[in-house]
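Architecture and fold: a report
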Amino acid sequence: MHDDDKKRYFVSVSHGLIQDVRNDSGEYEVLLTAEELTGLQDILKDLAREDEHAFRRAFVPYKSADHDEAIDQFDDQTIRVFHYIHHHGTPETRQTIEQLNVLPKLANTGYEDTGYDGGSPTNK
């Protein structure tokens, strides 16, 4: 495929939308072939399904969110979307995503922070 086969699109991750024109300052500009557009649409559909599942799990009060499989899947899908957008994005889009620091999965869980020490009665 040549760059001539690619069309410009604007992706809103938070709304799960791909549009031909920029409507929102939170959109990411990408250049995609028809096949790549289909791939991005599929990833956004997966993210929407995982988002709905994670949202439903949020209302279970006894379930810890930091050890919830639904949250992990949502994070993985979000990272997958940003990888795709970064790969197909304009230089400005790639720079914006790199500044967000969303691509590497967070290694710091915060368990070393005050309140997570062994002496805490809620942390056994």
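Residues numbered from 1 in each chain as written. Predicted model: local features only at pLDDT ≥ 70, side-chain atom pairs only at ≥ 80, totals over all residues. Heavy atoms only, no water.

1. Digging into the overall build of the chain
Our working definition: By definition, any uninterrupted DSSP run of H or I lasting at least four residues is a helix, any uninterrupted run of E lasting at least two residues is a strand, and each is numbered from the N terminus. For each residue, the accessible area found with a 1.4 Å probe, counting protein chains only, is set against the maximum for its type, and the residue is called buried under 20%, exposed over 50%, and partly exposed in between. All accessibility values rest on the Shrake-Rupley procedure with a 1.4 Å probe; residue burial counts only the protein chains present in the view.
If you tally the helices and strands in the chain, you get three helices and three strands. Taken from N to C terminus, the helices and strands of the chain fall in the order β-β-β-α-α-α. When the 124 residues of the chain are sorted by exposure, 31% land in the buried category. For the chain, the accessible area works out to roughly 8,700 Å², and carbon and sulfur atoms hold 51% of it.

2. Describing the side chain of H86
Following the sequence through the fold, H86 ends up in helix α2 (residues 69-88). Classification of H86 as buried rests on a relative accessible area of 17%.

3. A closer look at the side chain of H88
Inclusion rule: Here, residues are in contact when the closest pair of their heavy atoms is within 4.5 Å.
With respect to the helices and strands, the residue H88 is situated in helix α2. Look past the residues within four positions of H88 in its chain and what remains in contact with it is K6, V30, L31, L32 and E36.

4. What to know about the packing of aromatic side chains
Here the distance between the centres and the angle between the planes together describe a pair of aromatic rings. Counted only if it meets this: Note on aromatic contacts: the rings of Phe and Tyr and the six-membered ring of Trp form a pair at centre separations within 6.5 Å, being stacked when their planes are under 30 degrees apart, edge-to-face when over 60 apart, and tilted otherwise.
Using the criterion set out here, one finds one aromatic pair in the structure. Centroid distance Y28 to F82: 5.6 Å. Interplanar angle 85°. Geometry classified as edge-to-face. Of this pair, Y28 sits in strand β3 (residues 28-32) while F82 sits in helix α2; the two residues are 54 residues apart in sequence, bridging distant segments of the chain. The buried category is assigned to F82, whose relative accessible area is 9%.

5. Re the sheet that holds strand β2 (residues 17-19)
Operational definition: Two strands form a pair only when DSSP identifies at least two bridges running between them. Structural elements are reduced to axes, namely lines fitted to C-alpha atoms, with helices fitted over the stretch in contact, and the angle between N-to-C directions of any two is expressed from 0 to 180 degrees.
In space, the three strands of this open sheet follow the order β2-β1-β3, with antiparallel pairing throughout. Each of the sheet's edge strands pairs with one partner strand only, and the pair in question is β2 and β3. Shown here is a sheet whose adjacent strand axes are inclined to one another by a mean of 35°, direction ignored. Across three bridges, strand β1 (residues 7-12) lies against β2 in antiparallel orientation. Along β2, the bridge assignment pairs V11 with I18.

6. Side note on the pairing of β1
Here five bridges tie β1 to β3, and the two strands are oriented antiparallel to one another. For F10, the partnering residue across the bridge sits in β3 and is E29. Taken together, β1 and the strand that follows it, β2, pair antiparallel across an intervening segment of four residues, in which G16 is found at a positive phi of about 65°.

7. Quick word on the pattern of salt bridges
Rule in force here: Each reported salt bridge corresponds to a side-chain nitrogen of Lys or Arg within 4 Å of a carboxyl oxygen of Asp or Glu.
All told, the structure shown has six salt bridges when counted by the stated rule. Taking the shortest distance from any N to any O, the salt bridge between K6 and E36 comes out at 3.0 Å. Separated by 30 residues along the polypeptide, K6 in the segment before β1 and E36 in helix α1 (residues 34-57) bring together distant segments of the chain. Two residues, D20 and K7, come together in a salt bridge whose shortest N-O distance is 3.6 Å. Of this pair, D20 sits in the loop between β2 and β3 while K7 sits in strand β1; the two residues are 13 residues apart in sequence, bridging distant segments of the chain. The exposure class of K7 is partly exposed, given its relative accessible area of 44%. Members of the salt-bridge network, linked through shared partners, are R8, R22 and E29.

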